[in-house]
Amino acid sequence: MPHREEPRRNRLLAALGDAEWQRLHPDLESVSLGVGQVLGEPGERVGHAVFPTTAIVSLLHRLEDGGCAGVAVVGFEGMVGACIVLGGESMPHRAVVQCAGRGWRVPAHALLDVLQRSAAWQRQLLRYAQALLAQIAQTAVCNRHHSLDQQLCRWLLTSLDRLEGPDVVVTQELIAHMLGVRREGVTEAAGNLQQAGLIRYRRGRITVLDIDGLLRRSCECHRLVQREYERLLP
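Notes on the structure follow. All values reported here derive from a predicted model rather than from experimental measurement.

**A word on the overall build of the protein**
What the protein contains, in helices and strands, is ten helices and ten strands. Here the C-alpha radius of gyration of the protein, 18 Å, is about what a compact globule of 234 residues would show, namely 17 Å. With the C-alpha coordinates aligned to their principal axes, the bounding extent of the protein is approximately 55 × 35 × 30 Å. Counting the 234 residues in the protein, one finds 48% classified as buried. In the protein, once contacts between residues fewer than 6 apart in sequence are set aside, the share between residues at least 24 apart is 75%. Carbon and sulfur atoms form 48% of the exposed surface of the protein, whose accessible area is close to 11300 Å². In the protein, the 27 positive side-chain charges and the 25 negative ones have mean positions that sit 2 Å from each other.

Here it is, written out as structure tokens:
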């Protein structure tokens, strides 16, 4: 296993007390997460929770006709498998790796064992679950009421919050899936942002050139969700 402190790049794992860390540590498994990798499907029993450190995972809602739209993003601040904490056995959404990186996986039974022994960590994970629900609700509002340009700005800002640099490695097809729109719409919206000097788009990579400009062009949704995460996960 890599250096023992590496898992604590994830904010939820970093919140573990020493006793709980010693109990959970032997069950942590380092995992490499590749773009497009599916970590869970709706209705599937969740056997493991995944705590990303450098990867970003998108939660998608799928329709019967095959369409889908992103409802939330998970990075180093959170976990995939919050349903375990809430008492459920299956995820309501599809979990797909959006940006490649690494994370740590832990069996559900080991996670539950530590939660039962640590009221403080249980509260922390429940507060994260509340923040995640706030993100899902705000995304639904954004998708209904704001322009595609604004939605793309919000999505880019949300991704940058979970990355160490200005580059988002992602295809237009994946962005279209996340936003629940046609690929042509993403091409037009990205072109608008590039023409405004806010981003530089190359095949498979978006580089943010002016984050303040992106914030001004975005709707209020990113700011509201960020405020809720800061309130619940200081």
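**Things to note about the sheet that holds strand 2 (residues 38–40)**
Here we have four strands laid out as an open sheet, ordered 2-6-4-5, and antiparallel in their pairing. The open sheet has two edge strands, strand 2 and strand 5 (68–74), and neither has a second partner. This sheet shows a mean twist of 35° between the axes of neighbouring strands, independent of strand direction. Where strand 2 and strand 6 (residues 94–99) come together, two bridges link them in antiparallel fashion. Across the sheet, the residue bridging to V38 is V96, located in strand 6. With respect to the sheet, helix 5 (residues 119–145) is in contact with strand 4 (56–62) and strand 5, its orientation differing from that of strand 5 by roughly 145°.

**Brief notes about the sheet that holds strand 9 (residues 199–202)**
Spatially, 8-10-9 is the arrangement adopted by the three strands of the open sheet, whose pairing is antiparallel. Looking at strand neighbours, the two that pair on one side only are strand 8 (167–169) and strand 9, the edges of this open sheet. If you compare each strand with its neighbour and ignore which way they point, the axes differ by 15° on average. Across three bridges, strand 8 lies against strand 10 (residues 205–208) in antiparallel orientation. Each bridged residue has a counterpart across the sheet, and for V168 the counterpart in strand 10 is I206.

Criteria and thresholds
- Residues numbered from 1 in each chain as written.
- Predicted model: local features only at pLDDT ≥ 70, side-chain atom pairs only at ≥ 80, totals over all residues.
- Heavy atoms only, no water.
- Helix = DSSP H or I, 4+ residues; strand = E, 2+ residues; numbered from the N terminus.
- Rg over C-alpha atoms; globule rule 2.2 N^0.38 Å.
- Buried < 20%, exposed > 50% of the residue type's maximum accessible area, 1.4 Å probe, protein only.
- Contact = heavy atoms within 4.5 Å.
- Areas by Shrake-Rupley, 256 points an atom, 1.4 Å probe, with all protein chains shown as cover.
- Lys, Arg positive; Asp, Glu negative; His and termini not counted.
- Charge placed at Lys NZ, Arg CZ, Asp CG, Glu CD.
- Pairing = 2+ DSSP bridges.
- Axes fitted to C-alpha atoms, helices over the stretch in contact; angles between N-to-C directions.

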